[in-house]
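# Notes for the structure review
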Amino acid sequence: MRHPLRVLALALMLSATPACASLQWPGAAIENPIDAARTVDQRAYALLHAYGAILEEAADIVRDPATPLTLKRALGQAERVATPTVETLQIAVTAYIRASETPDDRIAAANTLNAAIAAAEAPVAELQALVRARRS
Amino acid sequence: MSNLMLQVQLLLAALSALLPLVPDEHRDRAAEILDLAARALAAGGVVRVNLDDLAAKLADVRREVEAMAAAGRAVSADELDAAMVRVRSASAAFRTALAEAGAG
């Protein structure tokens, strides 16, 4: 191949073509379910389901033989970081739901849950960003 | 969107049909480039389809959470279990796919 840079540029341009063609302007963007929650347990629930949905799509991308190996590896790395934080979130939200009615227990469980949500949000967002990476 | 994709694919097909007109010394390179272009286009298409699916799934979750919030209802233990079953199942499927793709 005498002009590898030109070929690479062509490949990148064509890879981006479908994503650019389907570009949606603000207002039609991918929705964030967590913003719809009003309580801490609803936020946790939204984050768990959103993560499940993101993982399902990531699996479809990984299954496709046309997906570059580097993207598959990056998705794998992001999942290995995100899943443990989501498992911790599940433990925290279970404890919150089962917390006794005494205010002190409830407050402590809510604090733990808020910390678990904060810890899980960034790794989940990173995996979502990788799934969306080719869009822009 | 699909119109544009179709046009690009037709363009590639048309260019491929012209390959015999390319001088012998450049024909292999031209074929190589067209093949690469087709692969890149296919990869981009897969990502687009998955983005559409993801947007629909996240919109479903949002609707469910909005209804919960509007009713002022707390998450039940059963709902929580269902969410975790989804996460565990998706995580297992993802890791299997990754291993099968040789990227694990």
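Details of the structure are given in the entry above.
Residues numbered from 1 in each chain as written. Chains lettered and ligands numbered in written order. Predicted model: local features only at pLDDT ≥ 70, side-chain atom pairs only at ≥ 80, totals over all residues. Heavy atoms only, no water.

## Things to note about the overall build of chain B
A tally of helices and strands in chain B yields three helices and zero strands. In chain B, the order of α-helices and β-strands from amino to carboxyl end is α-α-α. In chain B, which comprises 104 residues, the share counted as buried stands at 35%. Per element, the accessible surface of chain B, about 5700 Å² overall, is 59% carbon and sulfur. (Helix = DSSP H or I, 4+ residues; strand = E, 2+ residues; numbered from the N terminus. Buried < 20%, exposed > 50% of the residue type's maximum accessible area, 1.4 Å probe, protein only. Areas by Shrake-Rupley, 256 points an atom, 1.4 Å probe, with all protein chains shown as cover.)

## Describing the nonpolar core
In this structure, Leu48(A), Tyr51(A), Leu75(A), Leu89(A), Leu113(A) and Phe94(B) are the most contacted members of the largest nonpolar core, which totals 52 residues. When residues of this core are traced back to their parent elements, those giving at least two are helix H2 (40-63), helix H3 (69-98) and helix H4 (103-131) of chain A together with helix H2 (24-71) and helix H3 (77-100) of chain B. It is H2(A) that contributes the most residues to this core, 15 residues altogether. (Core = buried A, V, L, I, M, F, W, Y, C linked by side-chain atoms within 4.5 Å.)

## Some thoughts on the environment of Ala69(B)
Structurally, Ala69(B) can be placed in helix H2. Apart from residues no more than four positions distant in its own chain, Ala69(B) is found in contact with Ala36(A), Arg38(A) and Gln42(A). (Contact = heavy atoms within 4.5 Å.)

## A closer look at the packing of H3(A) against H4(A)
Residue and element names in this part refer to chain A. Running from N to C, H3 and H4 point in directions that differ by 160°, and their axes come no closer than 8 Å. For the element pair H3 / H4, the angle class is roughly antiparallel. Seen from above, H3 lies across H4 with left-handed handedness. Along the lines of polarity and charge, the residues of the contact of H3 with H4 split into 25 nonpolar, three polar and two charged. (Axes fitted to C-alpha atoms, helices over the stretch in contact; angles between N-to-C directions. Parallel < 35°, antiparallel > 145°, perpendicular 65-115°, else oblique. Left-handed = near helix turned anticlockwise from the far one by under 90°. Nonpolar A, V, L, I, M, F, W, Y, C, P; charged D, E, K, R; others polar.)

## Description of a nonpolar patch on the surface
Residues and elements named next belong to chain B. Residues Leu-11, Leu-15, Leu-18 and Leu-21 make up a contiguous nonpolar surface patch of roughly 410 Å² in combined accessible area. As for its placement among the helices and strands, Leu-15 is situated in helix H1 (residues 2-17). Classification of Leu-15 by relative accessible area gives partly exposed; the value is 39%. (Patch = residues over 30% accessible without salt bridge, like charges linked within 9 Å, V, L, I, M, F, W, Y side chains within 5 Å. Salt bridge = Lys/Arg side-chain N within 4 Å of Asp/Glu carboxyl O.)

## Re H3(B)
All names here are of chain B. Compared with an ideal rise of 1.5 Å per residue, which puts 24 residues at 34 Å, H3 spans 34 Å between its outermost C-alpha atoms and is within 8% of the ideal. Buried residues of H3: Glu-79, Leu-80, Ala-83, Met-84, Val-87, Ala-90, Ser-91, Phe-94, Ala-97 and Leu-98, and no others. Note on H3: the residue one or two positions beyond its end, Gly-102, has a positive phi of about 75°. (Expected span 1.5 Å × (residues − 1).)

## Remarks on the packing of H3(A) against H3(B)
At a minimum axis separation of 11 Å, H3(A) and H3(B) run at an interaxial angle of 160°. Judged by the angle between their axes, H3(A) and H3(B) are roughly antiparallel. Handedness of the H3(A)/H3(B) crossing: left-handed. Packed against H3(A), whose contacting residues are Lys72(A), Leu75(A), Gly76(A), Glu79(A), Arg80(A), Thr83(A), Val86(A), Gln90(A), Val93(A), Thr94(A) and Ile97(A), the element H3(B) presents Leu80(B), Met84(B), Val87(B), Arg88(B), Ser91(B), Phe94(B), Arg95(B) and Leu98(B) at the interface. Here the residues of the contact of H3(A) with H3(B) sort into nine nonpolar, five polar and five charged.

## Observations regarding the pattern of salt bridges
All chains considered together, the criterion is met by nine salt bridges over all chains. Taking the shortest distance from any N to any O, the salt bridge between Glu56(A) and Arg86(B) comes out at 2.9 Å. With Glu56(A) in helix H2 and Arg86(B) in helix H3, the pair connects residues from two separate chains. A salt bridge links Glu79(B) to Arg73(B); its shortest N-O distance comes to 3.0 Å. Residues joined by salt bridges that share partners form a network here, namely Glu56(A), Glu57(A), Lys57(B) and Arg86(B).

Bear in mind that shape data such as this cannot, by itself, settle questions of function.
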